[in-house]
Amino acid sequence: MTHDTSPPGRRPWGWAFIARLHFYIGLLVGPFLLVIALSGIVYALTPQIERALYHEQFYTQSDGGTPRPLADQIRAAQQSLGRDEAPMAVRPAPAPGETTRVMFSDPSVGQWEHLALFVDPVTAEVRGALPVYGTSGITAFRITIDKFHRSLLLGEPGRVYSELAASWLWIAALGGLALWFKRRRSPLRDGAGRRASRWHNRLGPWALIGFVFFSATGLTWSNYAGGNIGELRHRFGWQTPTVSTHLDGVTPAEQGPHAAHADHAGHDMAMMDHAPDPALYDRVLNAARAEGLEAGKIEITPAAGPGSAWKVREIGREWPTEVDEAAIDPATLAVIDRTRFETFPLAAKLTRWGVDLHMGVLFGVINQLVLVVFASALVAMLVLGYAMWWRRRPTRASAAITPVTLIQALARAPRPSALAVVVAAVLLGLALPVLGASLVVLMVIDGAVALAQRRQRALATG
């Protein structure tokens, strides 16, 4: 976090502008970045925490044995639930020693959430029930951390905070890199905050790639910038393909990587009206296996109603990514539509990999550790930045040396350069609306600072 205190006429306007913007981001957006970094560290470690918290639900006590048909496991879940209701999705046990998840729509859980019953595939014993989030299947602890990370537990309005942090992080990182190159030619001579500055300057360039990655992938989840990104992908045909479940031959729809939970949401009400024979789950699964969906992690979604096919999809987000899908006619068990990850557009693949890297699931523990390292680096950079600001803050002894504001820096710039900055700011504001709105607030603050400085100089000279 750089606080430029050079006399107004001595520093090129560009460096003064970058330094002042970097300072504002650190000072005003820094608290949001700190919260998102700390909660991100906890989120990256949630797989291990979940396995400890929910060991009884996730794992069985059966010593091997042949798994029973899915029909028996589903009936056991229905009996435990106390109602003969069709599951909205079923996830067969992915490996020996793990449980099958039978997920139901339930009014006791929140939006996009379902109630999962965990069944021992060998004994058909129900080992517990937990709310899970959408199609990702994350459980209560991670749901809470995820909601805090994205919205401070404030719902949709709270998501503005995370979008604000993601919108400014890449600008802070690139601005810091530019200042690092500048200082390599003219090292800091001021003794105040020198140690904090030294570590801040050393750590920043190494952590740059992680910060830009956090920003870019985080924006895909955001309300406003994410909507613009989705529109751009739609315009250029970069969307993620998904199978059509219409038995009348309607063209397959296309959705984004986060849209699958909405598919289930529309499915829930329709499933209330009819309960397919549980034995059909086994037949549909066998048909999908014969089609080549052989990944360990599989999800089966029944038809939403008459005229619709069942959907079977791979849900393995680890490397190599296994997210193929098949739509299967429940009457004939014929595959009516199929998607394969290897045929996805490159942009769709990159989006899928970026999301999974951000969540820490693509490369397992290694992915988690890398996220923790970069998030910890962001925490350290923010703490060091605040230390630099505190030690170099203006005092009465240094009152004559006032920081160059953004407005003052632009006023000193050549007209074409100043116009280019304004045009770039407007374009960025349109693409990233939260950034644009916060930039207006930032400029108002900057104008107030410039006005206060002018009054202070007038009093000093008067």
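For the structure itself, consult the block above.
Residue indices begin from 1 for each chain and proceed along its sequence in written order. Owing to the predicted nature of the model, reporting of local features is limited to residues with pLDDT of at least 70; listing and counting of side-chain atom pairs is limited to 80 or more, with chain, interface and lining totals taken over all residues. Water and hydrogen atoms play no part in the side-chain values, which are based on all heavy atoms of the structure.

Here's the deal with the overall build of the protein chain
Operational definition: The secondary structure listing takes helices from DSSP runs of H or I that are at least 4 residues long and strands from runs of E that are at least 2 residues long, numbered from the N terminus. Classification of residues uses two cut-offs on accessible area relative to the type maximum, computed with a 1.4 Å probe and protein chains only: under 20% is buried, over 50% is exposed, and between them is partly exposed. Between two residues, a contact is recorded if the distance between any of their heavy atoms is within 4.5 Å. Surface accessibility in these figures is a Shrake-Rupley result with a 1.4 Å probe; residues are shielded only by whichever protein chains are displayed.
Per the secondary structure count, the protein chain includes 15 helices and 10 strands. Across the 462 residues that make up the protein chain, the buried fraction comes to 48%. Residue pairs at least 24 apart in sequence account for 65% of intrachain contacts in the protein chain once pairs closer than 6 positions are excluded. Accessible area of the protein chain: about 22400 Å², with a carbon and sulfur share of 63%.

A look at the pairing of strand 3 (residues 113-119)
The following threshold applies: Whether two strands pair comes down to DSSP finding at least two bridges between them.
Extensive coverage of strand 3 is indicated by the burial of 7 of its 7 residues. Side chains E113, L115, L117 and V119 project from strand 3 onto one buried face, and the interleaved H114, A116 and F118 project onto a second face that is buried too. By the bridge criterion, 5 bridges tie strand 2 (residues 100-104) to strand 3 in an arrangement that is antiparallel. Along strand 3, the bridge assignment pairs R101 with F118. Here 7 bridges tie strand 3 to strand 4 (residues 126-133), and the two strands are oriented antiparallel to one another. Counted as the bridge partner of H114 is V132 from strand 4. In this structure, the hairpin formed by strand 3 and strand 4 is closed by a connection of 6 residues, where A124 is found at a positive phi of approximately 65 degrees.

Observations concerning the pairing of strand 10 (residues 335-339)
Note: strand 9 (residues 325-328) against strand 10, 4 bridges, orientation antiparallel. Across the sheet, E325 pairs through a bridge with T339, a residue of strand 10.

Points about the packing of aromatic side chains
Here is the rule: Aromatic pairs are defined between Phe, Tyr and Trp rings, using the six-membered ring for Trp, whenever the two ring centres lie within 6.5 Å; interplanar angles under 30 degrees are classed as stacked, those over 60 as edge-to-face, and all others as tilted. Criterion for a charge above a ring: Lys NZ or Arg CZ within 6 Å of the ring centre, and within 35 degrees of the ring normal.
Taken as a whole and assessed by the stated rule, the structure comprises 15 aromatic pairs. Relative to F214, the ring of F213 has its centre 6.2 Å away and its plane inclined at 50 degrees; by these criteria the two rings are tilted. Classification of F213 by relative accessible area gives partly exposed; the value is 24%. For F214, a relative accessible area of 16% puts it in the buried group. Note on F341 and W353: the rings are 5.7 Å apart at their centroids and 70 degrees apart in plane angle, and the pair reads as edge-to-face. Linking F341 in the loop between strand 10 and helix 11 (346-359) with W353 in helix 11, this pair joins segments that are 12 residues apart in sequence. Taken together, the ring pairs connect W319, F341, F344, W353 and F363 into an aromatic cluster. Cation over ring: R142 sits above Y43, and NZ or CZ is 5.8 Å from the ring centre. One cation-aromatic arrangement involves R202 over W199; the distance from NZ or CZ to the ring centre is 5.6 Å.

Brief notes about the environment of L362
Examined against the element boundaries, L362 turns out to sit in the loop between helix 11 and helix 12 (364-392). Between the C-alpha atoms of L362 and W319, which are 43 residues apart in sequence, the distance is 5.5 Å. Beyond its immediate stretch of four places on either side in the chain, L362 contacts R317, E318, W319, T321, W353, D356, L357 and N367.

What to know about the nonpolar core
The cut-off we apply is this: Among the buried residues, those of types Ala, Val, Leu, Ile, Met, Phe, Trp, Tyr and Cys that are joined through side-chain atoms within 4.5 Å form a nonpolar core.
In this structure, L21, I25, W168 and F211 are the most contacted members of the largest nonpolar core, which totals 47 residues. Tallying contributions element by element places helix 1 (residues 13-44) first for this core, with 12 residues. Residue contacts for F211: discarding those within four places in its chain leaves L169, A173, F374, A377, L378 and M381. One finds L70, A287, A288 and A326 within the second-largest nonpolar core, a separate group that totals 24 residues.

Distances and angles like these do not, on their own, reveal function.
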